[in-house]
Amino acid sequence: TIHGLYYPPHSETFEGIGLPPLMVLIHGGPTSQRMASFDEEVQFFTSRGYAVLQVNYRGSGGYGVDYMAAGFGEWGGLMQDDLTDATRWATEPGSAGSPENPELALAQADKICIMGTSYGAYAALMGPIKAPGLYRCAAGTSGVYDMTLMKARGDVRRTRAGEAYLRHVIGQSKEALESISPTYRADEIKVPVLLIHGEQDFRAPIAHANGLRRALTAAGNPPTWLTLSGEGHETSQLRNILASYADTFRFLEIGRAHV
């Protein structure tokens, strides 16, 4: 059983427009979790007419060791399938569970964007690869997109525990790592992409985003691009937070995505 949270859009933005578009927001870690608490990203999207789905896919924390361990070796695999299944569930007739309208869904099936930060960004870019046609766009902030690069660079690998974690979780062989890397499968991403990355990110070096950007451009799908000066893995400066939200909104509403 996969757990998650669904947030309808603010009533004033939702009223009279029919089923809302859906934003699938993916947590990072991947061993963190989404809980029912204040979330500024959720507030940003629901206040602008989007429904939000947050999935605690296998590998997430908070549900016991077995639940977390079920994600080992499943980057790009069953962890991704959990996100796909949850997204499809939210757009199926009857998912809203309304006695007045038993066929009502929670969101529009043809207006879905997938987005995340760190591991969430990785999963967001794997989304249109694993489930072609399901998403209208994908966006990643501070993401890891090349597993061969993750094994070679970044601060996770600098400790013995970090090296052991990477061996256990993402594997070893070059072929296997490339098969679960959005950078090596960029030609399969057929939707508009937004990439945001801090220039001083040592957890997920900006080389990840640069590599994916080059690969997407070579495939004929150049991404919308924003670099954040003075930022590491987490965006902390107000000017950069506002710039990220502004670019995200333009990308979704008036840019290439039109979700």
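Conventions and cut-offs
- Residues numbered from 1 in each chain as written.
- Predicted model: local features only at pLDDT ≥ 70, side-chain atom pairs only at ≥ 80, totals over all residues.
- Heavy atoms only, no water.
- Disulfide = S-S within 2.5 Å.
- Helix = DSSP H or I, 4+ residues; strand = E, 2+ residues; numbered from the N terminus.
- Buried < 20%, exposed > 50% of the residue type's maximum accessible area, 1.4 Å probe, protein only.
- Polar contact = N/O pair within 3.5 Å; in protein donor to acceptor, adjacent residues only side chain to side chain.
- Contact = heavy atoms within 4.5 Å.
- Phe/Tyr/Trp six-rings, centres within 6.5 Å; stacked < 30°, edge-to-face > 60°.
- Core = buried A, V, L, I, M, F, W, Y, C linked by side-chain atoms within 4.5 Å.
- Pairing = 2+ DSSP bridges.
- Axes fitted to C-alpha atoms, helices over the stretch in contact; angles between N-to-C directions.

A. Looking closely at the state of the cysteines. For the structure shown, the criterion picks out one disulfide. Paired through a disulfide, Cys113 and Cys137 show a sulfur-sulfur distance of 2.1 Å. Given an S-S torsion of about -130 degrees, the disulfide between Cys113 and Cys137 has left-handed geometry. Of the two residues, Cys113 sits in strand β4 (residues 112–117) while Cys137 sits in strand β5 (residues 137–141), which places them 24 residues apart along the sequence. Accessibility assignment for this pair places Cys113 and Cys137 in one class, buried.

B. A look at the side chain of Ser95. Tracing the sequence through the fold places Ser95 in the loop between α4 (78–90) and β4. Here the side chain of Ser95 touches Trp89 through a polar contact of 3.5 Å, landing on its backbone oxygen. Not counting chain neighbours up to four residues away, the residues in contact with Ser95 comprise Trp89, Ala90, Leu104, Ala105 and Leu106.

C. Here's a closer look at the packing of aromatic side chains. Here the structure, examined in full by the defined rule, presents eight aromatic pairs. With centroids separated by 5.6 Å and ring planes inclined at 40 degrees, the aromatic side chains of Tyr57 and Tyr119 adopt a geometry described as tilted. With a gap of 62 residues between them, Tyr57 in the loop between β3 (51–56) and α3 (65–69) and Tyr119 in helix α5 (residues 119–130) connect regions that are remote in the sequence. Like Tyr119, Tyr57 is buried.

D. Inspection of the nonpolar core at higher detail. Core analysis: the largest hydrophobic core is formed by 45 residues, its most contacted members being Leu22, Ile26, Trp75, Tyr122, Leu125 and Met147. Elements represented by at least two residues in this core include exactly β2 (22–26), β3, α4, β4, α5, α6 (147–152), β6 (193–198) and α9 (207–218). Here this core takes eight residues from α5, the largest share from any one element. With near-sequence residues (within four places) excluded, Leu125 lies in contact with Ala138, Ala139, Gly140, Tyr145, Pro182, Ile189, Val193, Leu195 and Leu212. Core analysis: the second largest hydrophobic core is formed by 21 residues, Cys137, Phe251, Leu252 and Val259 among them.

E. Spotlight on the sheet that holds β4. Read across the open sheet, the seven strands follow the order β1-β3-β2-β4-β5-β6-β7; overall the sheet is mixed. Each of the sheet's edge strands pairs with one partner strand only, and the pair in question is β1 (3–7) and β7 (224–228). Strand after strand, the sheet turns through a mean of 15 degrees between neighbouring axes, direction not considered. Of the pairings in the sheet, the one linking β2 to β4 comprises five bridges and is parallel in character.

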